[in-house]
Amino acid sequence: MHASRELSAPSAPAPWQRTALGANLLAPDGGLGVTIFEEMTSLAARTGAINLGQGFPDEDGPQEILDAARDAIAAGANQYAPGKGTPQLREAVAGHQERFYGLTPDPATEVIITTGATEAIAASLLAFTGPGDEVLTFEPFYDSYGAVIGLSGATHVTAPLLAPDFMPDMAALEAAFSERTRVVLLNNPHNPTGAVFPRDVLQKIVDLARRYGSLIVTDEVYEHLTFGVRHIPAASLPGAAERTLTISSAGKTFSVTGWKIGWLTGPEDLVAAVRTVKQFLTYSSGTPFQPAIAAGLALPDSFYEGVAGTLERKRDILSDGLRAAGFGVYAPQGTYFVNVDTAPLGITDSVDLARRLPELVGVAAIPVPVFCHPEGAERTRSLLRFAFCKKADVLEEAASRLATLSSRL
């Protein structure tokens, strides 16, 4: 017989609690809350509202990519792919980086395929950060960043992006760095603000990372979805290549978010460290989708130009409706999202309005404060984010509904 023993309460938050806290999901009693995406999606379903909250398209991607995936399934590509990705897709990713940016990663040692960009980000942070380290992001920040930083045990430090252009204050950015800044996690083009950072901002980040010995991890999933400005990868700037891991994915560019095919490129030693962690997360990713995405990356420039142009027109349809509703509209330079200020309508609590909007006008959105720490949430408390990656007729109907908002408040 073994003596019984009582399990004492943990003296520190469990890993799942750190994860939830980082993503603003930990309830005051220590329990688990629901994501704002789940809440708004449920509200939209219950009320029949048009869901412009979560950013996923309502149209499929190019037919040739869909056909390539079907062909791969029929041909038997249904077992594990190599852990670092098929040679065909790794070569296609390397070719894409050279074609668009003049970067030349070695597909054998400097490219890995991941289960979406989310896994690449998680594997990178878990590979390089832990208790005592700091990870610096801009704020507002994509919620998975806070979650994985919390899981790693590192401290999440932010530098604010301020309306109307959502560019960083350089003094605040510099003040956010310290000797403990292990990783700068840079999202560009930026979700949720729609900002696309110019060369001088990116170079400042690189210079500060060099000064403090920090790694740069870049989330560039919206790289081809920019409007009137060109995306510049941080890795292409002087002093960046040796310390930068570049992450992107197929979901946004090709409207196949459910396939979860992403990739990471960078110096061989850094990529090897990330691969060590990645192989014990998912090991392998979507075998029949990999040749399909390789085909997508080889599509002509006209495809990439068309994707951005179509999305820009959709941005304008929704933005016109939001202005008609009385919001202050911040025109994005990239991504799927447009942010608005509710203050011109006399509303200063966007979280409350987001919960009322589906009933009021039949449209759902996401309040920007949920992408922030408490101080940032106060700074952004009147901001709402709407997704415009939907069919044009859906956006026109949403714009029509939104135009009635002021009369319903």
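Along each chain, the written sequence defines residue order, and numbers are assigned to residues from 1. Under the rules for a predicted model, residues below a pLDDT of 70 receive no local features and side-chain atom pairs below 80 are neither given nor counted, while totals for whole chains, interfaces and linings still include all residues. For the side-chain quantities, the full set of heavy atoms in the structure was used; hydrogens and water were omitted.

A. Layout of the pattern of salt bridges. Salt bridge, as used here, is a side-chain nitrogen of Lys or Arg placed within 4 Å of a carboxyl oxygen of Asp or Glu. Going through the model one piece at a time under the given rule, you end up with 16 salt bridges. The residue Arg 70 makes a salt bridge to Asp 67 at a minimum N-O spacing of 2.9 Å. One end of the pair is Arg 70 and the other is Asp 67, both in helix α3 (residues 63-74) and three residues apart, which spans about a single turn. In this structure, the salt-bridge partner of Asp 320 is Arg 323, at a minimum N-O distance of 3.4 Å. With Asp 320 and Arg 323 both in helix α12 (residues 301-324), this residue pair falls three residues apart, about one helical turn. Here the term buried applies to any residue with accessible area under 20% of the maximum for its type, exposed to any over 50%, and partly exposed to those in between, with areas from a 1.4 Å probe on protein chains only. On the basis of relative accessible area, Asp 320 is assigned to the partly exposed category, the value being 48%. Helix and strand labels come from DSSP, where a helix needs a run of H or I of at least four residues and a strand needs a run of E of at least two; each type is numbered from the N terminus.

B. Examining the pairing of strand β6 (residues 181-187) more closely. A large share of β6 lies buried, amounting to six of its seven residues. One ladder, built from three bridges, connects strand β3 (residues 134-139) with β6; its direction is parallel. Within the sheet, the bridge partner assigned to Leu 136 lies in β6 and is Val 184. Judged from the five bridges that link them, β6 and strand β7 (residues 215-219) form a sheet pairing that is parallel. Bridging across to β7, Asn 187 finds its partner in Asp 219. In terms of handedness, the path from β6 via helix α8 (residues 199-212) over to β7 forms a crossover that is right-handed. A pair of strands is considered paired only if DSSP assigns at least 2 bridges between the two. Look down the strands so they point away from you; if the path from the first strand over the helix to the second goes clockwise, the crossover is right-handed.

C. Up close: the packing of α12 against helix α15 (residues 392-402). Under this scheme, a helix contributes an axis fitted over its contacting stretch, all axes are lines through C-alpha atoms, and angles between N-to-C directions fall in the 0 to 180 degree range. Running from N to C, α12 and α15 cross one another at 10 degrees; their axes reach a closest spacing of 8 Å. Looking at the two axes, α12 sits roughly parallel to α15. Taken together, the residues of α15 that come into contact with α12 (itself represented by Lys 314, Ile 317, Leu 318, Gly 321 and Leu 322) are Ala 392, Leu 395, Glu 396, Ala 399 and Leu 402. Classification convention: Asp, Glu, Lys, Arg as charged; Ala, Val, Leu, Ile, Met, Phe, Trp, Tyr, Cys, Pro as nonpolar; all other residues, Gly among them, as polar. When its residues are assigned to classes, the contact of α12 with α15 shows seven nonpolar, one polar and two charged. By the definition adopted for this analysis, an angle is roughly parallel if under 35 degrees, roughly antiparallel if over 145, roughly perpendicular if from 65 to 115, and oblique otherwise. Should any heavy atoms of two residues lie within 4.5 Å, those residues are counted as being in contact.

D. Region of the structure containing the sheet that holds strand β13 (residues 366-367). Spatial ordering of the open sheet is given by β10-β11-β14-β13, a layout of four strands whose pairing is antiparallel. Bordering the open sheet on either side are β10 (328-330) and β13, each of which pairs with just one other strand. Note that β13 and strand β14 (residues 383-387) share two bridges and pair antiparallel. If you follow Ile 366 over to β14, its bridge partner there is Arg 385. Running at roughly 10 degrees to strand β11 (residues 337-341), α12 makes contact with β10, β11 and β14 of the sheet.

E. Inspection of the environment of Ser 285 at higher detail. With respect to the helices and strands, Ser 285 occurs in the loop between α10 (268-278) and α11 (289-297). Taking C-alpha positions, Ser 285 is 28 Å from Leu 311, a pair spaced 26 residues apart along the chain. When sequence neighbours within four positions are dropped, the list of residues in contact with Ser 285 reads Ala 81, Ile 113, Thr 114, Thr 115, Glu 119, Ile 261, Lys 278 and Gln 290. Polar contacts, as used here, are pairs of N or O atoms within 3.5 Å; protein pairs need one atom able to donate a hydrogen and one able to accept it. Residues neighboring in sequence count only if both atoms are side-chain atoms. Side-chain polar atoms of Ser 285 contact the side chain of Thr 115, separated by 2.6 Å.

F. Molecular detail of the confidence of the model for the protein chain. Averaged over every residue, the pLDDT of the protein chain is 94; residues scoring 70 or more account for 97%. Below pLDDT 50 for its whole length, residues 1-9 participates in zero contacts with residues either more than four positions away or in separate chains. pLDDT expresses, on a scale from 0 to 100, how confident the predictor is about each individual residue.

G. Fine view of the nonpolar core. Within the largest apolar cluster, 63 residues are counted, with the highest numbers of intra-cluster contacts made by Leu 318, Leu 322, Phe 327, Leu 384, Phe 386 and Leu 402. At seven residues, the largest contribution of residues to this core is made by helix α5 (residues 116-128). The contacts of Leu 322, once residues within four sequence positions are left out, are Phe 327, Val 329, Val 338, Val 340, Phe 386 and Leu 402. Formed by 29 residues, the second largest nonpolar core is a distinct cluster that contains Phe 138, Met 167, Leu 237 and Tyr 330. We call a set of buried Ala, Val, Leu, Ile, Met, Phe, Trp, Tyr and Cys residues a nonpolar core when their side-chain atoms join them within 4.5 Å.

H. Broad picture of helix α13 (residues 350-361). Buried residues of α13: Ser 350, Val 351, Leu 353, Ala 354, Leu 357, Pro 358, Leu 360 and Val 361, and no others. Those residues of α13 hidden inside the fold are in contact with α2 (36-47), β12 (363-364), β13, β14, α15 and α16 (405-408). One side-chain oxygen of the residue at the start of α13 lies 3.2 Å from the amide nitrogen of Val 351, identifying that residue as Asp 349. Note on α13: the residue one or two positions beyond its end, Gly 362, has a positive phi of about 80 degrees.

I. A look at the side chain of Lys 278. Along the polypeptide, Lys 278 turns up in helix α10. In this structure Lys 278 touches Gly 83, Ile 113, Thr 114, Thr 115, Glu 119, Ala 123, Tyr 283, Ser 284 and Ser 285, once residues within four positions along its chain are discounted.

J. How the structure looks around the packing of helix α1 (residues 15-22) against helix α6 (residues 143-152). Axis separation between α1 and α6 bottoms out at 6 Å; the angle between their running directions is 150 degrees. Relative to α6, the element α1 lies roughly antiparallel. In the crossing of α1 with α6, the sense of the turn from one axis to the other is right-handed. Contacts from Pro 15, Arg 18, Thr 19 and Gly 22 in α1 reach Gly 146, Ala 147, Gly 150 and Leu 151 in α6. Its residues placed into classes, the contact of α1 with α6 shows three nonpolar, four polar and one charged. Left-handed describes a crossing whose near helix is turned anticlockwise from the far helix through less than a right angle; right-handed describes the clockwise counterpart.

K. Representation of the packing of aromatic side chains in the model. Within 6.5 Å between ring centres, the rings of Phe, Tyr and Trp (the latter by its six-membered ring) count as paired, and their orientation is classed by plane angle as stacked under 30 degrees, edge-to-face over 60, tilted in between. Tallied over the full model, the rule gives 17 aromatic pairs. Seen from their ring centres, Phe 177 and Tyr 212 are 5.7 Å apart, and the 25 degrees between their planes marks the pair as stacked. In this pair, Phe 177 is assigned in the loop between α7 (170-176) and β6 and Tyr 212 in helix α8, connecting sequence segments 35 residues apart. Each member of the pair, Phe 177 together with Tyr 212, is buried. Ring-pair connections join several aromatic residues into one group, and the members of that group are Phe 100, Tyr 101, Phe 254, Phe 303 and Tyr 304. Whether a charge sits over a ring depends on NZ of Lys or CZ of Arg being within 6 Å of the ring centre and within 35 degrees of the ring normal. Against the face of Phe 337 rests Arg 385, its NZ or CZ located 3.6 Å from the ring centre. Positioned above the aromatic ring of Phe 56 is the side chain of Lys 390, whose terminal nitrogen or guanidinium carbon lies 3.9 Å from the ring centre.

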